[in-house]
Amino acid sequence: MKAIASADKNWGIGYKNRLLVSIPSDMKFFRQTTTGKVVVMGRKTLESFPNGMPLKNRTNIVLTSNRNYQVKDAVLVHSEEELLEELKKYNSEDIYVIGGESIYRMLLPYCDTALVTKIDHAFQADAYFPDLDAMDDWEMTEESEEQTCFDLEFCFTKYERKK
């Protein structure tokens, strides 16, 4: 299982249920990476999408404690146990955890790879990705050339759990 996120220099990922910034090449990378795959998210992440609709051309699995919550074209689960049971139906290589903060924290122990677009800027944030640089069992194994979008510098990184 993999995590995929875009984070600022403080590992911030969101503010008031919105991404901190929208970088077209990062969005394209996310789309190309996750299309045809399984994406796992919390209800608030789903609701942050256009019209609160699941992502097209992917299997969307949404964790919500609200048993009355309904959404078309998504698999709803209501507990960590139920989620882990559902994920057994899929190839672990095809599963991407896409947020938000509590879902990343819950599922990071099950991930072996994290694809993080690191933005060289500190935004106001109220949701964070776990700081992989501070964790002994994770290491950055790939880093792209620095890229620029408007006045923001960023790079694509790959972290892997140490064996």
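For the structure itself, look to the data block above.
Being a predicted model, the structure only gives us computed values, none of them experimental.

### Topic: the state of the cysteines
Next up, step 1: Taken as a whole and judged by the stated rule, the model has zero disulfides.
Next up, step 2: Between Cys 111, a free cysteine, and Cys 155, which holds the nearest cysteine sulfur, the sulfur-to-sulfur gap is 20 Å.
Next up, step 3: Free cysteine Cys 155: the closest other cysteine sulfur is in Cys 149, separated by 14 Å.

### Details of the sheet that holds strand β9 (residues 127-128)
Next up, step 1: Ordered in space as β3-β2-β9, the three strands form an open sheet in which the pairing is antiparallel. At either end of the open sheet lies a strand with only one pairing partner, and these are β3 (18-19) and β9.
Next up, step 2: Taken together, the two bridges between strand β2 (residues 12-15) and β9 define a ladder with antiparallel strand orientation. Within β9, the position partnered with Gly 14 by the bridge is Ala 127.

### A few points about the pattern of salt bridges
Proximity of charged atoms lets side chains of opposite charge pair with each other.
Next up, step 1: Following the criterion strictly, the structure yields eleven salt bridges and no others.
Next up, step 2: Measuring nitrogen to oxygen at the nearest pair gives 3.5 Å for the salt bridge that ties Lys 9 to Asp 120. A residue pair is termed long-range when its members are at least 10 positions apart, and Lys 9 in the loop between β1 (2-7) and β2 and Asp 120 in the loop between β8 (113-119) and β9 qualify at 111 residues.
Next up, step 3: Owing to a relative accessible area of 41%, Asp 120 belongs among the partly exposed residues under this scheme.

### A closer look at helix α3 (residues 80-87)
Next up, step 1: Three or more residues of α3 are buried, namely Leu 83, Glu 86 and Leu 87. The arc that holds the buried residues of α3, viewed along the axis, is 100°, so those residues lie on one side.
Next up, step 2: Buried positions along α3 lie against β4 (38-42), β5 (59-63), β6 (75-77), β7 (95-99) and α4 (101-107).

### Quick look at the pairing of β1
Next up, step 1: For β1, the buried fraction is high: six of the six residues fall into the buried class.
Next up, step 2: Side chains Lys 2, Ile 4 and Ser 6 of β1 all project onto a buried face; the interleaved residues Ala 3, Ala 5 and Ala 7 project onto the opposite face, where all are buried too.
Next up, step 3: One ladder, built from two bridges, connects β1 with β7; its direction is parallel. Across the sheet, Lys 2 pairs through a bridge with Tyr 96, a residue of β7.

### Re the packing of aromatic side chains
Next up, step 1: Under the definition given, this model contains five aromatic pairs.
Next up, step 2: With 5.0 Å between their ring centres and 40° between their planes, Phe 29 and Phe 156 make a pair best called tilted. Of this pair, Phe 29 sits in helix α1 (residues 24-34) while Phe 156 sits in strand β12 (residues 152-161), placing them 127 residues apart in sequence.
Next up, step 3: A relative accessible area of 27% means that Phe 29 is categorised as partly exposed.
Next up, step 4: By relative accessible area, which is 17% here, Phe 156 ends up buried.
Next up, step 5: Grouping aromatic residues by their ring pairs yields a cluster made of Trp 11, Tyr 104, Phe 129 and Tyr 159.

Conventions and cut-offs
Residues numbered from 1 in each chain as written. Predicted model: local features only at pLDDT ≥ 70, side-chain atom pairs only at ≥ 80, totals over all residues. Heavy atoms only, no water. Disulfide = S-S within 2.5 Å. Pairing = 2+ DSSP bridges. Helix = DSSP H or I, 4+ residues; strand = E, 2+ residues; numbered from the N terminus. Salt bridge = Lys/Arg side-chain N within 4 Å of Asp/Glu carboxyl O. Buried < 20%, exposed > 50% of the residue type's maximum accessible area, 1.4 Å probe, protein only. Arc of directions from axis to C-beta. Contact = heavy atoms within 4.5 Å. Phe/Tyr/Trp six-rings, centres within 6.5 Å; stacked < 30°, edge-to-face > 60°.

Everything listed is a geometric property; what it means functionally is a separate question.
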